[in-house]
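# Commentary on secondary and tertiary structure
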Amino acid sequence: MGNNACSHPFLPGNNVRRNSPLCLHNIANVLSELRDSVVAPRIDCLLDSVIHRVNVRGGSEEETRIGGAVEPSESDGNLYGFIYGDRYVECLMANVTVRHDLLKVLVTGGAGFIGSHLVDRFMKENHVVTVVDNLSNGSLSNIESWLDNERFKFIEGDLKDPQKTKKAAEDAELVFHLAANPEVRVGETDPHIHFEENLVATFNLLEALKRQRSAKAIVFTSTSTVYGEATLLPTPEDYGPSIPISTYGATKLGCEALIEAYAHTFDLRGLVLRLANIVGPRGTTGVVKDFVKKLRRNPKRLEILGDGSQKKSYLYIDDLIDAIYLTANEFLSCNDRIKVYNVGSPDSVTVARIAEIVAEEMSLSDVDFVFTGGVNGGRGWRGDVKTMLLSTKKLLKQGWRPRYRSEEAVRLTAEKLVDRLDL
Ligand code: NAD
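Here goes a summary of the coordinates provided. Because the structure is predicted, anything quoted here is derived from the model rather than measured. (Residues numbered from 1 in each chain as written. Predicted model: local features only at pLDDT ≥ 70, side-chain atom pairs only at ≥ 80, totals over all residues.)

Of the regular secondary structure elements, the protein chain holds twelve helices and 16 strands. Put simply, the protein chain has 423 residues, and 46% of those count as buried. Residue pairs in contact within the protein chain that sit at least 24 positions apart in sequence constitute 74% of those at least 6 positions apart. (Helix = DSSP H or I, 4+ residues; strand = E, 2+ residues; numbered from the N terminus. Buried ≥ 20, exposed ≤ 12 C-beta atoms within 10 Å, placed from the backbone. Contact = placed C-beta atoms within 7 Å.)

Quick look at the structure:
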């Protein structure tokens, strides 16, 4: 499978443009790639929508079809040619629309920060999307634009409840598992929360999926914290041993292991994405939001947890969604049982610099930055990894290119948060 977005199984319909030279290439790609892909049975649906009249070169013009019947009179008269199998085919097409129900997608935690952006992407690409979320940290306002859409279903439910989980997973073809408690600091006060929300919830989901025939793959949003304090930076996917220093990192690593074990024991496939710090609108936690809130309360003084030298990679949400979309497409078109990718920006930024950027974006000068000094050598809290940078060579090879570096991602997020009054 190539890297061209149009050659992917998700088939973004709006990439197929009428009267564009690219169109010929796209359709040829789409058809030839589809024949062997997981959505091959749906090739007829695609052809239904694009082909009105087929003319096989060298033969007589046939008012025929490869897919379903469409009246030639509906055609707008645009002629396209492409290679299909070993034949050169010309066809007349009307407005090109790719069928809606290409994939039934389940997004757990889809009302949260990352989940709701992923939902936006899949809904805009015309898929059928179900969200299950217990709204413990997410909000209906994040997905409100889709609530009345017939391709969208919201289930208010908790993955800790096996029955609800089973119901939500019914018919799902591709599962994005994002529901979790992502707050590292919770581990200091109540490790039980990570055990329940991350491990138990993932176990219940895997139990629901293990004999579910429609499920093609589970995509899991893991985290850079599974590496613990890696001695190799940027840290590649095959770095080891992984020694997490937080219960968050430990339980996410446990979730990865469960997914891997289920993939090998049952007929499941798993894509694991280890994310750096993700920033952007709708973010529920994180340092940028924390600083904006604090500076709103007191524009003269900003308390910074730790010694300010914590240095990590920050990735803008749009770049992440592109990466998820790309890797999921690629994963669906390969046969690997398990695949792991790091997802992060190419560089890192210190907490002290983030404080300056946020102050600049709020047009504040003379802010007194007060460092708490932190614990265990300047960390913000116990379990906080001080330095993080992921190697993304593997992902870059797939054609992914992030638009923003860490500082730009932070600045863009601060800029968008500053305008929000509801923080
Ligand atoms: P978020 O809290 O905004 O989203 C998580 C969603 O899951 C929330 O809507 C919450 O209500 C829901 N949820 C929690 N427990 C649930 C349960 N038991 N049943 C059903 N729903 C439940 O967090 P996010 O930042 O969007 O993170 C999404 C995923 O990405 C998480 O798995 C997180 O571990 C991972 N991740 C996030 C980051 C980041 O920087 N945001 C970095 C690395 C990994």
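Having seen the model, we can carry on.
Once that is clear, we can look at the site of the ligand. Taken together, 29 residues sit near the ligand, with Gly-109, Gly-112, Phe-113, Gly-138 and Ala-180 positioned nearest. Of all the elements in the fold, those that place two or more residues in the shell around the ligand are helix H3 (113-124), strand S5 (128-133), helix H6 (191-209), strand S8 (217-223) and strand S10 (277-279). When residues in the shell around the ligand are grouped by element, the largest group, three residues, is from H3. Broken down by class, the residue content of the shell around the ligand amounts to 13 nonpolar, twelve polar and four charged. (Near = placed C-beta within 6 Å. Nonpolar A, V, L, I, M, F, W, Y, C, P; charged D, E, K, R; others polar.)

The end-to-end C-alpha separation of helix H12 (residues 406-418) is 18 Å, in line with the 18 Å expected for 13 residues at 1.5 Å each. What H12 keeps buried is the set Ser-406, Ala-409, Val-410, Arg-411, Leu-412, Thr-413, Ala-414 and Leu-417. Elements that come into contact with the buried residues of H12 comprise S10, helix H8 (287-297), strand S13 (314-316), strand S15 (349-350) and helix H10 (351-361). (Expected span 1.5 Å × (residues − 1).)

Let us now look at the environment of Leu-140. As for its position among the elements, Leu-140 is in the loop between S5 and strand S6 (152-156). Judged by local crowding, Leu-140 falls into the partly exposed class, with 14 C-beta atoms found within 10 Å. As a C-alpha pair, Leu-140 and Ser-116 span 24 residues in sequence and 9.3 Å in three-dimensional space. Leaving out residues up to four positions away in the same chain, Leu-140 has contacts with Ala-111 and Leu-135.

Right, let's talk about the sheet that holds strand S4 (residues 104-108) for a bit. Taking strand neighbours across the sheet as the criterion, the seven strands line up as S6-S5-S4-S7-S8-S9-S14 in an open arrangement whose pairing is parallel. The open sheet is flanked by S6 and strand S14 (338-343), the only strands paired with a single partner. Between one strand and the next, the sheet's axes are offset by a mean angle of 15 degrees, whatever the strand orientation. Strand direction decides the pairing type here: S5 and S6, joined by five bridges, are parallel. If you follow Val-131 over to S6, its bridge partner there is Phe-154. (Pairing = 2+ DSSP bridges. Axes fitted to C-alpha atoms, helices over the stretch in contact; angles between N-to-C directions.)

So, on to the packing of H10 against H12. Remark: H10 packs on H12, axes separated minimally by 9 Å, with the N-to-C direction vectors making an angle of 40 degrees. The angle between H10 and H12 places the two elements in the oblique class. Two packed elements cross with a definite hand, and for H10 against H12 that hand is right-handed. The segment H10 lies against H12, with Arg-353, Ile-354, Ile-357, Val-358 and Glu-361 engaging Glu-407, Val-410, Arg-411, Ala-414, Glu-415 and Val-418. (Parallel < 35°, antiparallel > 145°, perpendicular 65-115°, else oblique. Left-handed = near helix turned anticlockwise from the far one by under 90°.)

To continue, consider helix H4 (residues 162-169). Of all the residues in H4, the buried ones are Thr-165, Ala-168 and Ala-169. Looking down the long axis of H4, one finds its buried residues gathered within 95 degrees of arc, a one-sided arrangement. On its buried face, H4 sits against S4, S5, S6, strand S7 (174-177) and H6. At the exit of H4 stands Asp-171, carrying a positive phi of roughly 70 degrees. (Arc of directions from axis to C-beta.)

These figures come from the coordinates and say nothing about function on their own.
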